[in-house]
Amino acid sequence: MPDAKPSYLGAFLKHPTNRNALLLATLAAVAVSFPLGLSGVALVGILALGAEALAGLIVPSLPSFRASVDHQQRFGARAERKAQLVAEIRQLGDSRVLSTYEHMWTRVQALYQTVKQKRTNLSQQDVEKLEDMTLDYLGLCAVNLSLKQRKDNASVEAAERGMVAVQSQLKRAGLPEDEARQLRTALSQYEDTLQRSRRLAVRRSALEAKLVALPEKLEEVYQLAITTPYSSDMGGKLEESLSRLRIAEEVAAEFDDSEVFDIDTRATTSVAGDRAPLQAARKATGTLKA
């Protein structure tokens, strides 16, 4: 969610109540203009401006007003984020994710009603955290779907072919030391790429496991809120669900580095000074693409 604070004064000026008050002041000025003329309009205008200035100093600093503005900002940010993520997942073509999300969203709306009716120990802020969790789940699903479209196996195979070609070059008799050094560097890059790909495969499995568990944890919180609404264990279940999400986010963050899938770039950057040995390797392996 956005960290930027909203303009409370701007929210006050745009608030329907303030607009209605200004409209009433305008109507009053028109009404008094008949018996009093311009002096009556000026009097109403001065009183209205004074009241507006005083309210502008007091209302935006009220905690209840600020809480309402903050809530509206969070609501708008969630709606915008939801629209973006749903559009992205539809583009990726997985309706099952959207179906699961809609079920989670329905559960959260039911919890909002339960809190509104004061039939649970959960607070409004607790349910907002759960709603944020459903959106984060949607975002992590988008990351996972995008990762599935990457050609990981092709990248690993390309790295393995590159290693074979470089090792063949290193066995060449009479190889100059500078070329041997560059080839060893390239070999190290290939080995590093393979290791990172294996680690990412493990982390992706962990991410997928968390994505399976998160809807179940939300369902558990929902069932607990409905069946035992005043349970003292409610806060612990909520925190457990949110902690699972944080773990999933940490796993997803591991996939941020696109260099892992750009083997050709990683293998050639550190040996750009003399490309002859790597050109020979490329002839043996073909063009390496992520």
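Residues numbered from 1 in each chain as written. Predicted model: local features only at pLDDT ≥ 70, side-chain atom pairs only at ≥ 80, totals over all residues. Heavy atoms only, no water.

K.L.:
Describe the nonpolar core, naming the residues involved and giving the relevant values.
P.N.:
Formed by 29 residues in total, the largest nonpolar core has its most connected members in I89, L111, L122, V127, L130, L138 and L211. Looking at this core, the elements that each hand over two or more residues are α4 (63–92), α5 (95–116), α6 (124–148) and α8 (177–227). For this core, the element with the most residues is α6, which contributes 10 residues. Here L111 is in contact with L122, V127, L130, Y222 and A225, once residues within four sequence places are set aside. Of all hydrophobic cores here, the second largest spans 9 residues; its members include L175, A180, L183 and L194. (Core = buried A, V, L, I, M, F, W, Y, C linked by side-chain atoms within 4.5 Å. Buried < 20%, exposed > 50% of the residue type's maximum accessible area, 1.4 Å probe, protein only. Helix = DSSP H or I, 4+ residues; strand = E, 2+ residues; numbered from the N terminus. Contact = heavy atoms within 4.5 Å.)

K.L.:
With reference to specific residues and values, describe the environment of A225.
P.N.:
The topology assignment puts A225 in helix α8. As for A225 and T114, which are separated by 111 residues in sequence, their C-alpha atoms are 8.3 Å apart.

K.L.:
So, the packing of α6 against α8: which residues are in play, and what are the values?
P.N.:
Contact geometry for α6 and α8: axes closest at 10 Å, N-to-C directions at 155°. Here α6 lies roughly antiparallel to α8, going by the angle between them. Pair α6 / α8 crosses with left-handed handedness. Facing L130, M133, T134, Y137, L140, C141, N144, L147 and K148 of α6, the residues of α8 in contact are R204, L207, E208, L211, L214, P215, L218 and V221. Residues that form the contact of α6 with α8 fall into these classes: 12 nonpolar, 2 polar and 3 charged. (Axes fitted to C-alpha atoms, helices over the stretch in contact; angles between N-to-C directions. Parallel < 35°, antiparallel > 145°, perpendicular 65-115°, else oblique. Left-handed = near helix turned anticlockwise from the far one by under 90°. Nonpolar A, V, L, I, M, F, W, Y, C, P; charged D, E, K, R; others polar.)

K.L.:
Tell me about the packing of aromatic side chains, and name the residues and values.
P.N.:
Inspection of the entire model under this criterion finds 0 aromatic pairs. For K82, the ring lying beneath its charged end belongs to W105, and the centroid distance is 4.4 Å. (Phe/Tyr/Trp six-rings, centres within 6.5 Å; stacked < 30°, edge-to-face > 60°. Lys NZ or Arg CZ within 6 Å of the ring centre and 35° of its normal.)

K.L.:
So what's going on with α4? Residues and values would help.
P.N.:
Given a rise of 1.5 Å per residue, 30 residues ought to cover 44 Å, and the 43 Å separating the end C-alpha atoms of α4 matches this to within 8%. Those residues of α4 that fall on the buried side of the exposure criterion are F65, V69, D70, A77, R78, L85, V86 and I89. Among the structural elements, α1 (8–14), α5 and α6 are those in contact with the buried residues of α4. The first or second residue beyond α4 is G93, which carries a positive phi of 80°. (Expected span 1.5 Å × (residues − 1).)

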